[in-house]
Amino acid sequence: MGGIDISVIGVFIAVVTGIGSYVLGRRMREKRMLKKREKDRVAAQANETRQVRRARERKERGG
């Protein structure tokens, strides 16, 4: 028997690991994007003038 024997169990395991890999990849990507967004936000705030910073802080406080 020189052919490839693909069993039902093998296909099931492949499908489950594929789905698991997809879910894990998406979660890791979301975390990476959140970190990048936060880093970009901090960098943008570092370049703000005092007037802009105070206006943003007032807006965030709701007043």
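The structure we're discussing is the one just above.
All values reported here derive from a predicted model rather than from experimental measurement.

Looking at this structure, how should I read a nonpolar patch on the surface?
Where nonpolar side chains cluster on the molecular surface, the patch consists of I4, I6, V11, V15, I19, Y22 and V23 and spans about 740 Å² of accessible area. Here I19 shows up in helix 1 (residues 8-46).

Got a minute to help me understand helix 2 (residues 50-61) in this structure?
Residue pairs three or four apart in sequence face the same way in an α-helix, which turns once every 3.6 residues. Counted at 1.5 Å a residue, the expected span for helix 2 with its 12 residues is 16 Å, and the 16 Å between its end C-alpha atoms agrees. Just past helix 2, the residue G62 takes up positive phi, approximately 95°.

In this structure, what is going on with the pattern of salt bridges? I would like to understand it.
Two side chains carrying opposite charge are able to pair once their charged atoms lie near each other. Per the stated rule, a full pass over the model turns up five salt bridges. Between R56 and E48 there is a salt bridge; the shortest N-O distance is 3.1 Å. Taking relative accessible area as the criterion, E48 reaches 22% and is therefore assigned partly exposed. E57 serves as the salt-bridge partner of R53, at 3.9 Å between the closest nitrogen and oxygen. Taken together, the residues R53 and E57, both in helix 2 and four residues apart, mark about one turn of the helix. Looking at R53, the relative accessible area reads 32%, which means it is partly exposed. In this structure E57 comes out as partly exposed when scored by relative accessible area, which is 31%. Bridged by salt links that share partners, the residues E48, R56 and E60 form one connected network.

Calculation rules
- Residues numbered from 1 in each chain as written.
- Predicted model: local features only at pLDDT ≥ 70, side-chain atom pairs only at ≥ 80, totals over all residues.
- Heavy atoms only, no water.
- Patch = residues over 30% accessible without salt bridge, like charges linked within 9 Å, V, L, I, M, F, W, Y side chains within 5 Å.
- Areas by Shrake-Rupley, 256 points an atom, 1.4 Å probe, with all protein chains shown as cover.
- Salt bridge = Lys/Arg side-chain N within 4 Å of Asp/Glu carboxyl O.
- Helix = DSSP H or I, 4+ residues; strand = E, 2+ residues; numbered from the N terminus.
- Expected span 1.5 Å × (residues − 1).
- Buried < 20%, exposed > 50% of the residue type's maximum accessible area, 1.4 Å probe, protein only.

So yeah, pure geometry; function would need other evidence.
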